[in-house]
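Secondary and tertiary structure notes
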Amino acid sequence: MAASGAGERCSSLNGIVSETESKRLTDLPAELLEYILCLPVLQHGDICHVSCTCRRLQDVCHRGGKVWAHQYKLRWPRLQKHYRQNECCDWLKEYRTRHTVGRQIRRTVVSISKRFFTEVPCVGQVLGDSFAEIQSLGAPEHFCEDELLSILNSDKRKSLTLKYYAKKILYFLRQQNIIRSLKLFLEQPAEHQSALEGAVLVDQYCNPLTDVSLDSISSQLEEVTDKVKKMLRTKNPSHPSLSESHGDCSPVGDLELQRQVVVALNVVLYEQLQYKGNECDYYNPLNSYIHQVLLRRTGIPISLSVLYMTLARKLGVHLEPVNFPNHFLLRWCQLQTGGGDIYDFVYIDAFGKGKQLSAKECEYLIGHQVTADYYSAITTTEVLLRMVGNLLNIGKRGEGNEKSYQLLRDSLDLYLTVNPDNVQYLLLQARLYFHLGIWPEKVLDILQHIQALDPSQHGAVGYLVQHTLEHIQHKKHPVEPDVKRRSVPEHVEVQYSIGLIMKHKRSGYNCVIYGWDPKCTMSQDWISTMRVHQLSQGANQPFYNVLVQDGTCRYAAQENLEPHSTPLEIAHPEVGRYFSEFHDSHYDANEELQTRYPEDLEETLGTVRDLYHRPTPTPGQASGHQEGVPNGPSQDQKLQDGQESQENQGASSM
């Protein structure tokens, strides 16, 4: 009986095992298989392998199914905004295309580094063939942008050189898109052009890496409009402007009703929200960027006028822009049938808290008389030219650093997009590119266009053509980079190496070394101006090229520098051009900089080890200074500083 019972149990168990063995993964329902294959532990390579095992799993992993859609969305979540919900799509093809574009973008970014290091070309000049290859893939532009953003959003302290050039490429690509949008905007009939939209395009072009959109700006203005309506409602609950919900309101014909809108607008804008004209920092370019005006609630006459005019139109009051000299204004007609004389209008000073002026009072505002032409309304295109002209003047007033050069280039691009045949600004653009040594082929194109427009410019054009051709010829025979080895006898006095974080003994600024000379190589004029002879060792000592925390590039004498006691990151825009990674105590030079200073890396690591990584001494061993901390400032601090130079390091490469 026992044996029989055991046999029955064994037979029963074998049946269960055989029944279990007959069940396979592929027998599961498709929905359950999709769920399993969408688990986050599986990557695209795993899905490729699974789909190759059998027809059943290949069908589950079909090109337009949930599995590849999940892989695509998991890897590139930023791209989801470009697809409609539940959109039918060949997700495998999208995945492959995006992957291919990503690899090509990274190859392009890496290849640009070598050319950018030896010269300072425009990004558009360098991209050329590389982006032609990317475009041949037929991929949408947002694939390129997404890969560049992926590079920029990676580990903050690593891949600095890759990020440096990715940022420049993204800057260039976005500007190209904005220029196309601006050209489409200018092709619209004048009556359909919005001054606000034009101002947003200017803002976007000068700040392509900032999230600025017409929708976001309009949304903020709707909030202000709602506040004005709330104020209006307390004064006149039946006001016609209150019946409209969003968008421009139907024109209000009655002058008294218009006046109520203007009064309410002034109260909300200048009393409640505290908008004001920026008298203290008038020439700050932020005053011209519409998103910054809304954020900081301060601006200049033209930017505040664009906001004021847009808000008034949303409430049914039609105001017109007036290109008044030195002070942009708005005019408000006081006649039902429209005015023909300058005295038929009240002029509104948006910079002066909405103050209403007569024609005569406008002249008092600027201190001199003007002709009646200056009181005329202007088009949206003319508003843009005035706005961009302001930015141009700010760029020309700049200190000759990278930031001011970039503003000058951006504003010239905008101005010549709106008015492409302006000889004065075409010549300025050619001279700027020539001065910065960038894109000589484009300089020749600009000069040819100038000569066709105005042959009388042949003198200036001829000079620039001659020297630009010399530049192009020189580029065909590049000079080998100057390699500096520390082991050479004449470099024996060089104490510091590239990548070290330093502090200036007298000025106190923090910086990182990216180059050095065994002796001062600046001109005698510079040496005299900077009073280098007053240093204890004068010009006959090592000098260092340093990137300073404030964004400047300087040339510092060795006796005025010391290693920083607590090294920190240097927030300089050019750091990525020279360094690939930041460690807690120093920067690693990138491949190009190491080629020029092949023996500095070992020296930097040794210095860092001696200064910051030695074991802390016991109390009995301590004496004088704590080990591992550099000595304090020397007595030479009191000498006149002969190390600083605001010398420009060349234009930005966009």
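Residues numbered from 1 in each chain as written. Predicted model: local features only at pLDDT ≥ 70, side-chain atom pairs only at ≥ 80, totals over all residues. Heavy atoms only, no water.

Notes on the overall build of the protein
Selection criterion: Strands here are runs of E lasting at least two residues and helices are runs of H or I lasting at least four, both read from the DSSP assignment and numbered beginning at the N terminus. Accessible area is worked out with a 1.4 Å probe on protein chains only. A residue is then buried under 20% of its type maximum, exposed over 50%, and partly exposed in between. The contact definition used throughout considers only heavy atoms, calling two residues in contact when any of these lie within 4.5 Å. The Shrake-Rupley method, run with a 1.4 Å probe sphere, supplies the accessible areas, and residue values consider only the shown protein chains as cover.
Along the backbone of the protein there are 24 helices and 13 strands. Considering the protein as a whole, with its 654 residues, one finds that 47% of them fall into the buried category. Summarising the internal contacts of the protein: among those between residues at least 6 apart in sequence, 63% fall at separations of at least 24. Approximately 33600 Å² of the protein is accessible, and the part contributed by carbon and sulfur atoms is 51%.

Here we look at a nonpolar patch on the surface
How we decide: Nonpolar side chains (Val, Leu, Ile, Met, Phe, Trp, Tyr) within 5 Å and like charges within 9 Å form the patches, drawn only from residues with over 30% relative accessible area and no salt bridge. A pairing counts as a salt bridge when a side-chain nitrogen of Lys or Arg comes within 4 Å of a carboxyl oxygen of Asp or Glu.
A surface patch of nonpolar side chains, about 420 Å² in accessible area, is lined by Leu32, Tyr35, Leu39 and Val41. Within the fold, Leu39 resides in the loop between helix 2 (30–37) and helix 3 (44–51). Accessibility expressed as a relative area gives 34% for Leu39, which makes it partly exposed.

Notes on helix 19 (residues 440–453)
Rules: Here a helix's expected span is defined as the number of its residues, less one, multiplied by 1.5 Å. Arc definition: directions from the helix axis to the C-beta atoms.
Between its first and last C-alpha, helix 19 extends 20 Å over 14 residues, near the 20 Å set by a 1.5 Å rise per residue. Residues of helix 19 that are buried include every one of Pro440, Val443, Ile446, Leu447 and Ile450, and no others. The buried residues of helix 19 all sit within an arc of 110° when viewed along its axis, so they share a single face. More than 90 degrees from the buried face of helix 19, the exposed residues found are Gln448 and Ala452.

Observations regarding the sheet that holds strand 9 (residues 543–548)
Inclusion rule: One bridge is not enough; two strands pair if DSSP finds at least two bridges between them. In this analysis an axis means a line fitted to C-alpha atoms, helices contributing only their contacting stretch, and an angle means the value between N-to-C directions, from 0 to 180 degrees.
The strand order across the open sheet formed by five strands is 10-9-8-7-11, and the pairing between neighbours is antiparallel. Strand pairing shows two members of the sheet lacking a second neighbour, strand 10 (553–557) and strand 11 (561–563), which therefore form its edges. The sheet shows a mean angle of 50° between the axes of neighbouring strands, direction not considered. With three bridges connecting them, strand 7 (residues 501–504) and strand 8 (residues 510–517) associate as antiparallel partners. Residue pairing in the sheet places Met502 in a bridge with Cys511 of strand 8.

Some thoughts on the pattern of salt bridges
All chains considered together, the criterion is met by 19 salt bridges. Of the charged contacts in the structure, one is a salt bridge between Glu222 and Lys314, with a shortest N-O distance of 3.0 Å. Here Glu222, found in helix 11 (residues 214–235), pairs with Lys314, found in helix 14 (residues 301–314); they are 92 residues apart in sequence, far enough to count as distant. For the pair formed by Glu222 and Lys314, the shared burial category is buried. For the salt bridge of Arg486 with Asp600, the shortest nitrogen-to-oxygen distance reads 3.4 Å. Note that Arg486 is positioned in the loop between helix 20 (458–475) and strand 7 and Asp600 in helix 24 (residues 600–612), a separation of 114 residues in sequence. If you follow the salt bridges from partner to partner, you end up with Arg78, Arg98, Arg106, Asp146 and Glu147 in one network.

With respect to the confidence of the model for the protein
We apply this condition: For every residue, the predictor reports its confidence as pLDDT, a number between 0 and 100.
Per-chain confidence: the protein averages 86 in pLDDT, with 85% of residues scoring 70 or above. This model gives residues 622–654 a pLDDT under 50, and the stretch forms 105 contacts once residues within four places in sequence are excluded.

Structural notes on the packing of aromatic side chains
So the rule is basically this: Stacked, tilted and edge-to-face are the three classes assigned to paired rings of Phe, Tyr and Trp, where Trp is represented by its six-membered ring and a pair needs centres within 6.5 Å; plane angles under 30 degrees give stacked, over 60 edge-to-face, the rest tilted.
Taken as a whole and assessed by the stated rule, the structure comprises 21 aromatic pairs. For the ring pair Tyr164 and Tyr165, a centre distance of 4.7 Å and an interplane angle of 85° mean the geometry is edge-to-face. Across the pair, Tyr165 and Tyr164 agree in class, each one buried. With centroids separated by 5.8 Å and ring planes inclined at 50°, the aromatic side chains of Tyr496 and Tyr544 adopt a geometry described as tilted. Placement of Tyr496 in the loop between helix 20 and strand 7 and of Tyr544 in strand 9 is noted, with a sequence separation of 48 residues between them.

Remarks on the pairing of strand 5 (residues 345–349)
Regular strands show a simple pattern: their side chains alternate between the two faces of the sheet. Burial analysis of strand 5 places five of its five residues in the buried class, the great majority of the element. Side chains of strand 5 alternate between two faces, with Phe345, Tyr347 and Asp349 and Val346 and Ile348 buried alike. Pairing analysis gives four bridges linking strand 4 (residues 329–333) to strand 5, with the strands arranged antiparallel. When the bridges of strand 5 are listed, Arg331 appears paired with Tyr347. Pairing of strand 5 with strand 6 (residues 355–357) involves three bridges; the strand directions are antiparallel. The residue bridging Ile348 from the neighbouring strand is Gln356, located in strand 6. Counting the residues that bridge the hairpin from strand 5 to strand 6 gives five residues, and of these Lys353 lies at a positive phi of roughly 60°.

A closer look at the sheet that holds strand 6
In space, the four strands of this open sheet follow the order 3-4-5-6, with antiparallel pairing throughout. The sheet is open, and its two borders are formed by strand 3 (320–322) and strand 6, each paired with just one other strand. Across the sheet, the axes of successive neighbouring strands diverge by a mean angle of 40°, strand direction being ignored. Across the sheet, helix 12 (residues 255–272) touches strand 4 and strand 6, and the angle it forms with strand 4 is around 150°. Packing against the sheet, helix 15 (residues 359–366) makes contact with strand 4, strand 5 and strand 6, and its axis sits at approximately 115° to strand 6.

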